[in-house]
Amino acid sequence: MSSGPTAKLIDELVLAIGGTVHDVRARHVLAQALHGLVRLARSEQLLEMQRDTARAMGAGSRRETRALMRRLGKRGQGQLRLALQDSEADRA
């Protein structure tokens, strides 16, 4: 498992709920359930962010969202190439 702040908080919750109970299996199951809830919440948050981004860009479907992202990516790459060409022209 990760050792970030979320994992530490989960460990503290398990200790607070389980106390000094010597049932290692119960503590492990509780910790894994809490980790699963955190992963689910993160994936739901990511999905909401993607939906909000699609709405902000005016896309009504996943296909339209992907097409808009590709167009934005191509536009960004073109600008990068121009910037690189300008820097190469300055060197010459």
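Our structure is the block above this text.
Residues numbered from 1 in each chain as written. Predicted model: local features only at pLDDT ≥ 70, side-chain atom pairs only at ≥ 80, totals over all residues. Heavy atoms only, no water.

Asker: Got a minute to help me understand the pattern of salt bridges in this structure?
Answerer: Any two side chains of opposite charge can pair, given that their charged atoms come close. In the structure shown here, the tally under the stated rule is 1 salt bridge. Between Glu-48 and Arg-51 there is a salt bridge, with the nearest N and O atoms lying 2.9 Å from each other. On the criterion of helical spacing, the pair formed by Glu-48 and Arg-51 is a turn pair, its members being 3 residues apart in helix 2 (residues 24-57). Taking the relative accessible area as the measure of exposure, Glu-48 reaches 37% and is therefore partly exposed. On the basis of relative accessible area, Arg-51 is assigned to the partly exposed category, the value being 39%. (Salt bridge = Lys/Arg side-chain N within 4 Å of Asp/Glu carboxyl O. Helix = DSSP H or I, 4+ residues; strand = E, 2+ residues; numbered from the N terminus. Buried < 20%, exposed > 50% of the residue type's maximum accessible area, 1.4 Å probe, protein only.)

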